Amino acid sequence: MQLNILLVENNTEKDVVTQLLPKEWQITCCENSYDAIQKVKKENDFHLVILDENSSPLNAYQTFDYLNKEIKADVPVLVLGQEGESTIVEHYKDKLAFIKKPIGIDDLSVIIELLEKNHCEKEVVEKAYSLDYLNEISDSNQEFIMETLSIFTSSVSDKLEQLKEALVNKDYQSVAEIAHNIKPSFEMLENKISVEICNLLNNRTPEEDVPTLADNLIIEFAKMKAQLENDFPQLK
């Protein structure tokens, strides 16, 4: 599903947010909260508004209040900041969410959850995993599947931390070995993008391409983890 995201451009997390979100989502930028309101008024086809809690001339919560009460815009708002107004966020938790900066790949689950609350008639993100293989080999044994998913999320998370460290040290041999090690985990959940990236990392990819491929693998895993935790809250 292609989603339209409105991102306030004075957000210091702009580059990180843009990289984190799925590439098939359409991201529109504007300069301030006033422009954001005008765009929502005019176009009214945004699925999410993302802005800093200290945006101007209206801060994030004032912007949300205006969108919600004055123009009756049915659009959720994601606030990025340091403190957050927990009382307001809790009161409007179906339409408003807060992420503490700096935003990271683990926060993707918050974004997906907020979107799915507001667009539950369709899957917000194309599924990054499949349980077909696990269902087949276990005869749909739910206990086995949940244990396997738990091991998948924890073990791959650990391996990707090792991969990040290897990247910092420019230890590309270790990067290749880690990619080779976790490839079967992605095959098990039928994520073809991750499998292909692992193949590339494990097969003498030019060193200048390794960091980008590794980043893409980390982001793809974050999408899988976010979807799994949304679908199976007991994994959190």
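These lines cover the structure that appears in this document, whether it is placed above or below. (Residues numbered from 1 in each chain as written. Predicted model: local features only at pLDDT ≥ 70, side-chain atom pairs only at ≥ 80, totals over all residues. Heavy atoms only, no water.)

1. Description of the overall build of the protein
And then number 1: Scanning the protein from terminus to terminus reveals 10 helices and five strands.
And then number 2: Against the globule reference of 18 Å for 236 residues, the protein gives a C-alpha radius of gyration of 19 Å, in line with a compact fold.
And then number 3: Taking the principal axes of its C-alpha atoms as reference, the protein extends roughly 55 × 45 × 30 Å.
And then number 4: Across the 236 residues of the protein, 47% fall into the buried class.
And then number 5: Here the contacts in the protein between residues at least 6 apart in sequence split such that 60% fall between residues at least 24 apart.
And then number 6: Distance between charge centroids for the protein: 4 Å, based on 23 positive and 44 negative side chains. (Helix = DSSP H or I, 4+ residues; strand = E, 2+ residues; numbered from the N terminus. Rg over C-alpha atoms; globule rule 2.2 N^0.38 Å. Buried < 20%, exposed > 50% of the residue type's maximum accessible area, 1.4 Å probe, protein only. Contact = heavy atoms within 4.5 Å. Lys, Arg positive; Asp, Glu negative; His and termini not counted. Charge placed at Lys NZ, Arg CZ, Asp CG, Glu CD.)

2. Topic: empty space enclosed by the protein
And then number 1: This structure, assessed with the given rule, holds two cavities of 30 Å³ or more.
And then number 2: Considered as a void within the structure, the largest cavity measures approximately 40 Å³ in volume.
And then number 3: Lining the largest cavity we find Ile105, Asp106, Ser109, Ala222, Lys225, Ala226 and Glu229.
And then number 4: In terms of residue count, the dominant contributor to the lining of the largest cavity is helix 10 (residues 210–231) (four residues).
And then number 5: Among the residues forming the lining of the largest cavity, the class breakdown is three nonpolar, one polar and three charged.
And then number 6: There is about 30 Å³ of room inside the second largest cavity.
And then number 7: Residue lining of the second largest cavity: Phe64, Leu67, Asn68, Ala73, Val75 and Lys95, and that is the complete set.
And then number 8: Here the residues of the lining of the second largest cavity sort into four nonpolar, one polar and one charged. (1 Å grid on protein atoms, 1.4 Å probe; cavity = no way out; pocket = protein on both sides within 12 Å on 5 of 7 lines; lining within 4 Å. Points joined across faces, edges and corners; volume = space filled by probe spheres on them. Nonpolar A, V, L, I, M, F, W, Y, C, P; charged D, E, K, R; others polar.)

3. Topic: the packing of aromatic side chains
For any two aromatic rings, the description comes down to two numbers: the centre-to-centre distance and the angle of the planes.
And then number 1: Scanning the model with the defined rule gives three aromatic pairs in all.
And then number 2: Taken together, a centroid distance of 5.1 Å and an interplanar angle of 70° make the contact between Phe64 and Tyr92 edge-to-face. With Phe64 in helix 3 (residues 60–70) and Tyr92 in the loop between helix 4 (86–91) and strand 5 (96–100), this residue pair connects regions lying 28 residues apart in the sequence.
And then number 3: Given a relative accessible area of 4%, Phe64 falls into the buried group.
And then number 4: Three or more aromatic residues link up through ring pairs in this structure, and these residues are Phe152, Phe186 and Phe221. (Phe/Tyr/Trp six-rings, centres within 6.5 Å; stacked < 30°, edge-to-face > 60°.)

4. Details of the packing of helix 5 (residues 108–118) against helix 10
A pair of packed helices is characterised by two quantities: the angle between their axes and the separation of those axes.
And then number 1: Contact geometry for helix 5 and helix 10: axes closest at 8 Å, N-to-C directions at 50°. Considering their axes alone, helix 5 and helix 10 lie oblique with respect to each other. At the point where helix 5 passes helix 10, the crossing takes the right-handed sense. Between helix 5 and helix 10, the residues in contact are Leu108, Ser109, Ile112, Glu113 and Glu116 and Ala222, Lys223, Ala226, Gln227, Glu229 and Asn230, respectively.
And then number 2: Partitioned by chemical class, the residues of the contact of helix 5 with helix 10 number four nonpolar, three polar and four charged. (Axes fitted to C-alpha atoms, helices over the stretch in contact; angles between N-to-C directions. Parallel < 35°, antiparallel > 145°, perpendicular 65-115°, else oblique. Left-handed = near helix turned anticlockwise from the far one by under 90°.)

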